[in-house]
Each structure stands twice: as C-alpha cells, then as structure tokens.
Amino acid sequence: MTKERKLSKAELLRKEAFDAENERRIAEGYERHDLTVSVSKANWLGFVMSMPFVLVLMGLFTLLTPMDYEGWDMAEASFFPLVVVAIVLLLTVLHELIHGAVFGWFAPHRYKAIQFGVIWSMLTPYCACIEPLTRRQYIWGAAMPTIIVGFLPAFIAIAMNDWGWFVIALLMVIGGGGDMLIIWKLMTFRVSGKEALFCDHPTLPGLVAYVR
Ligand SMILES: [Zn+2]
C-alpha cells in the first residue's frame, strides 16, 4: 500500500527545496503537522466525499427539469461518450489551471510559486504551490476549480435542462473529491499556536501545516 512511487525530476527538485525549508522552519520553532493523503486514497476517498454533492445535484436535476425523452437524440448519444471524454480532459486541465491562478494570486511571490505537472503512473495532473499560504487562502485555492468547472456548470445545466452538460459537470464534481478531502482535513485541523503556515506538500496531495 505504501509502496514508494518513483518521483519525477520536478518532484525531486521540489522535495529537496521543501526539505530545506522544512528544516529551517523546525529550527525556527515551528511544529510540523502533515495533512496529506496518498494519491490512490485521494482518488477513492475523494470519490466517496463527492457522493453527497452528486446525489443532491441529481436530486435537483430530477426535480427541476422536465423529463423530455423526445429531446434525447440517439444518433447524438452514440458518439456522446467520446465527446464527454474530450471535454472532461479539457476541463481537468482547466481545473489545475484554476488551482494555479488562485494559489498564485495569494502566494508571496505570486505566479513564480506555481508549478504544474502530471503523475503519469496515476494519470493525475497536479498543480503545486511552493510558497506558504494562510488557511483561508489554501481553502479557496483548493475549492475554486470544483466550484467553477463543477458546481457552476451543474447549476447552469439544470437551469437549461441540458443532461449532457449535467453529466459532464457531475464528473467534474467527482473529480474534485480529492480537493474536498483535503479541505475537510484542513477545516477540521485545530491549531493552538498563534502563527500558522500552510504549505502545499511537494509530492503528495494535501499540505503541511507549520504552527508555533
Ligand atoms: Zn484539484
């Protein structure tokens, strides 16, 4: 289960810089708290985390949109899966770009702090922020992509009675499950110190909190 994944060059560099900063912060009197999960756990537990939201959205779609079977064009539906895959891939890239946009907006050196990459063995794209943030900034950065490419299109699809876009939006909400898991870990993390820094973990989903 805890078999070490082979890190990419970008990840190794980021880990090295992180470890040096980590040592410096420990020497400055900060206490380290890891709020991380493995990539596979982020994927499956994230899926579970997203389910209540998915069920509520499906309930809303069922209640608020008329069942219009004549509008379901079967010729269109036959190539629908391919279109869905293509749009979901594009929106997944957009999801990571939004993480970068929000984290970069808050980071002390702005967009210099942002790195993008893909963990190919897990087919998981990621955005990493190499500078510390506040708790609130980290939560906004983690939540924004799923709000913009998941919840917002889901509500628009419900308003427009568009089941195709609704399916895509639901997939993007499910894809945001890992972020929801991290947000939940962060919101339930109680600190007793005055000063707290929240740093994105260099190689794992989640972050490290430094408190003193
Ligand atoms: Zn994300």
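Given the structure is predicted, the values throughout are model-derived calculations rather than measurements.

Enquirer: Is there a simple way to explain the packing of helix α6 (residues 163-175) against helix α7 (residues 177-187) in this structure?
Expert: The relative placement of two packed helices is expressed as an angle between their axes plus a distance between the axes. Interaxial distance between α6 and α7 falls to 5 Å at its minimum, and their mutual angle equals 40°. By the criterion of interaxial angle, the relationship of α6 to α7 is oblique. Between α6 and α7, the contacting residues are Val173, Ile174 and Gly175 on the first element and Gly177, Gly178 and Met180 on the second. The residue inventory of the contact of α6 with α7, partitioned by class, reads three nonpolar, three polar and no charged.

Enquirer: Would you explain helix α4 (residues 80-106) in this entry?
Expert: Side chains three or four residues apart in an α-helix point the same way, a direct result of the helix having 3.6 residues per turn. The terminal C-alpha atoms of α4 lie 39 Å apart, and with 27 residues this matches the ideal 39 Å at 1.5 Å per residue to within 8%. Burial in α4 covers these residues: Val84, Ile87, Val88, Leu91, His95, Glu96, Ile98, His99, Gly100, Val102, Phe103 and Gly104. Those residues of α4 that are buried lie in contact with β2 (114-119), β3 (124-129), α5 (135-160), α6 and α7.

Enquirer: Whenever I open this one, the environment of glycine 29 confuses me. Can you help?
Expert: Locating glycine 29 in the fold gives a position in the loop between α1 (9-27) and β1 (31-36). Residue classification places glycine 29 among the partly exposed residues on the basis of a relative accessible area of 46%. C-alpha separation for the pair glycine 29 and arginine 212, spaced 183 residues apart in sequence, amounts to 6.2 Å.

Enquirer: Hey, could you run me through the pattern of salt bridges in this one?
Expert: This model, assessed by the stated rule, comprises six salt bridges. Its salt-bridge partner being glutamate 21, residue arginine 24 comes within 3.1 Å of it at the nearest N-O pair. Here arginine 24 pairs with glutamate 21, and both are found in helix α1, just three residues apart, close to one helical turn. For arginine 24, a relative accessible area of 39% gives the class partly exposed.

Enquirer: Before we go on, may I ask you to explain the packing of helix α2 (residues 39-64) against α5 in this structure?
Expert: One way to put it is that α2 packs onto α5 with a least axis distance of 10 Å and a crossing angle of 15°. Viewed along their axes, α2 and α5 adopt a mutual orientation that is roughly parallel. Our pair here, α2 against α5, has a crossing hand that is right-handed. Two secondary-structure elements touch here, α2 through Phe53, Leu57, Leu60, Phe61 and Leu64 and α5 through Phe151, Ala154, Phe155, Ala157 and Ile158. Looking at side-chain class alone, the contact of α2 with α5 contains 10 nonpolar, no polar and no charged residues.

Enquirer: Would you mind showing me how to read unusual backbone geometry here?
Expert: Leaving glycine out, the prevailing phi sign among residues is negative, and the prevailing peptide bond configuration is trans. Positioned with a positive phi, arginine 110 is a non-glycine residue whose angle comes to about 50°. Here arginine 110 is to be found in the loop between α4 and β2. At asparagine 161, a residue that is not glycine, the phi angle is positive and equals roughly 55°.

Enquirer: Help me understand the packing of aromatic side chains in this model?
Expert: Remark: the centre distance and the inter-plane angle together describe each pair of aromatic rings, the angle taken between the planes. Considering all chains together, one arrives at four aromatic pairs under this definition. Centre to centre, the rings of phenylalanine 61 and phenylalanine 166 are 4.2 Å apart; their planes meet at 20°, and the pair counts as stacked. Within this pair, whereas phenylalanine 61 is found in helix α2, its partner phenylalanine 166 is found in helix α6, the two being separated by 105 residues in sequence. Phenylalanine 166 carries the same exposure label as phenylalanine 61, and that label is buried. Pairing phenylalanine 103 with tyrosine 138 gives two aromatic rings, centres 5.1 Å apart and planes at 40°, and the pair type is tilted. Taken together, the residues span a long stretch of sequence, with phenylalanine 103 in helix α4 and tyrosine 138 in helix α5 at a distance of 35 residues. Each member of the pair, phenylalanine 103 as well as tyrosine 138, is classed as buried.

Calculation criteria
Residues numbered from 1 in each chain as written. Predicted model: local features only at pLDDT ≥ 70, side-chain atom pairs only at ≥ 80, totals over all residues. Heavy atoms only, no water. Axes fitted to C-alpha atoms, helices over the stretch in contact; angles between N-to-C directions. Helix = DSSP H or I, 4+ residues; strand = E, 2+ residues; numbered from the N terminus. Parallel < 35°, antiparallel > 145°, perpendicular 65-115°, else oblique. Contact = heavy atoms within 4.5 Å. Nonpolar A, V, L, I, M, F, W, Y, C, P; charged D, E, K, R; others polar. Expected span 1.5 Å × (residues − 1). Buried < 20%, exposed > 50% of the residue type's maximum accessible area, 1.4 Å probe, protein only. Salt bridge = Lys/Arg side-chain N within 4 Å of Asp/Glu carboxyl O. Left-handed = near helix turned anticlockwise from the far one by under 90°. Phe/Tyr/Trp six-rings, centres within 6.5 Å; stacked < 30°, edge-to-face > 60°.

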